[in-house]
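Listed below, chain by chain, are the residues.
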Amino acid sequence: MQWTNKLTRLLSIEYPVIQAPMLGVSTPEMAAAVSNQGGLGSLPVGGLSPLRTIELIQQTKQLTNKPFAVNLFAHPIPAIDLSAAEAMQAYLETLCLAHHIPYTKLAMNDLHFYSYKEQIDSLIQEKIPIVSFTFGMLDDESIQSLKAAGCLLNGTATSVKEAELLTEKDIDIISVQGIEAGGHRGTFLTDEPLPMIGLMSLLPLVADRVSKPLLAAGGIHNGQTIKAAVDLGASGVQVGTAFIASPESVAIPAYKERLQRSSETDSVLTRSFSGRWARGISNTFMREIEQSGLSIPEYPIQNSLTTALRAAAQRQNNVEFTNMWAGQSASTSEAKPTADIFRTLIAQTEALFLP
Ligand SMILES: Cc1cc2nc3c(=O)[nH]c(=O)nc-3n(C[C@H](O)[C@H](O)[C@H](O)COP(=O)(O)O)c2cc1C
């Protein structure tokens, strides 16, 4: 079958299969494994310091000479509502005490959030060929600087309107994220209800209105789903959850196991861990926060308030108090090397196109 299309030509890759950036799960090893197989690996650096961003990029470059994307979080930095944040901290401290999880209290004055704008110079300096982003729209200055440096841009849309806005800004590639997708919603038009559109509906609607190459994201896990995405107007696919159980993923063992024995109804949307809507496998922490009735501080404040407790739970291999981001097809994830998962996706798709 013919894999070459406008997306593979634009990205200088062999197969239009992108490993989704997954902060907290993906590693330089995972991104390099996919790029080395002829797909596009993605290195997530959303919210990291410029120094850490450079370190991770350089580690990835040690492992591949092929192109890989670097992924940013393009959200505005909000002001902190001190009373809501302090009420949440007090609640988290009590909750952790009851469940034998160490909790490190944060001094609100010490909270620091890096803006993606602080990472742009590093990406240019490192000559990154593709920058993907989610949670927002890059500002005009960043778009101009990256484009002037020859960088391709890939934004995330969860509605037709978001895809149109990305197109108006001449973003080169659009990831169309359906409600099935694991992890955070890329939604950035916050004055509207959260778009909860399945990929089967969203993809053809976006393809009708937008001429940029589209990446289908959400539930893609085998040849059939890749073929379906292409039939619905995608030039390529963005695959996340299918790579979580691989050895290149830093997900804790209990998360990898839980993922594989999940059912399609186990993942739900929650704001409890980070303050932004995200899809993950339901657990005690999510239920407790939701039942507390407390107002959840917005992203990234809640994310910071829960960082230490999630890390502590991870050290205990305790999946009840850390996020298990996962899409609706999570049960199909396999504990195989990233390169094998990738090769299987390609072989299954090719088999469907054989006479
Ligand atoms: C564990 C996890 C972490 C994620 N982190 C990011 C991220 O850092 N940046 C991003 O753009 N998307 C992130 N996503 C969303 C993916 O880019 C993609 O939309 C999603 O994985 C596609 O659906 P699937 O998981 O069903 O394959 C994450 C998804 C998962 C499962």
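The model shown is predicted, which means the values in this text are computed figures rather than measured ones. (Residues numbered from 1 in each chain as written. Predicted model: local features only at pLDDT ≥ 70, side-chain atom pairs only at ≥ 80, totals over all residues. Heavy atoms only, no water.)

## Some points on the site of the ligand
No. 1: The environment of the ligand is made up of 24 residues, and the closest members are Pro21, Asn71, Gly219, Gly240 and Thr241.
No. 2: A distance of 2.8 Å separates a nitrogen atom of the ligand from a polar atom in the side chain of Asn71.
No. 3: Within the contact set of the ligand, an oxygen atom lies 2.9 Å away from a backbone nitrogen or oxygen of Gly240.
No. 4: Protein coverage of the free-state accessible area of the ligand, which is 590 Å², stands at 96%.
No. 5: Those elements that place two or more of their residues in the shell around the ligand are strand E3 (68–73) and strand E9 (236–239).
No. 6: Considering only residue class, the shell around the ligand consists of 13 nonpolar, 11 polar and no charged. (Near = heavy atom within 4 Å. Polar contact = N/O pair within 3.5 Å; in protein donor to acceptor, adjacent residues only side chain to side chain. Areas by Shrake-Rupley, 256 points an atom, 1.4 Å probe, with all protein chains shown as cover. Helix = DSSP H or I, 4+ residues; strand = E, 2+ residues; numbered from the N terminus. Nonpolar A, V, L, I, M, F, W, Y, C, P; charged D, E, K, R; others polar.)

## As for the sheet that holds strand E7 (residues 183–184)
No. 1: Here we have three strands laid out as an open sheet, ordered E7-E11-E10, and antiparallel in their pairing. The open sheet has two edge strands with one neighbour each: E7 and strand E10 (267–270). (Pairing = 2+ DSSP bridges.)

## Examining the packing of aromatic side chains
Between two aromatic rings, the relevant description is the distance of the centres plus the angle of the planes.
No. 1: As enumerated under the stated definition, the model contains eight aromatic pairs in all.
No. 2: Both rings, one in Phe73 and one in Tyr299, keep their centres 6.3 Å apart while their planes meet at 75 degrees; by these two values the pair is edge-to-face. Within this pair, whereas Phe73 is found in strand E3, its partner Tyr299 is found in the loop between helix H11 (284–292) and helix H12 (301–315), the two being separated by 226 residues in sequence. Neither Phe73 nor Tyr299 differs from the other in exposure class; each is buried.
No. 3: Both rings, one in Phe273 and one in Phe285, keep their centres 4.5 Å apart while their planes meet at 20 degrees; by these two values the pair is stacked. On the criterion of sequence distance, the pair formed by Phe273 in the loop between E10 and strand E11 (278–281) and Phe285 in helix H11 is long-range, its members being 12 residues apart. Side by side, Phe273 and Phe285 carry an identical accessibility label, which is buried.
No. 4: Sitting above the plane of the Phe353 ring, Lys227 keeps its charged end 5.5 Å from the centroid.
No. 5: Between the NZ or CZ atom of Arg276 and the centre of the ring of Phe135, over which it lies, the distance is 4.1 Å. (Phe/Tyr/Trp six-rings, centres within 6.5 Å; stacked < 30°, edge-to-face > 60°. Buried < 20%, exposed > 50% of the residue type's maximum accessible area, 1.4 Å probe, protein only. Lys NZ or Arg CZ within 6 Å of the ring centre and 35° of its normal.)

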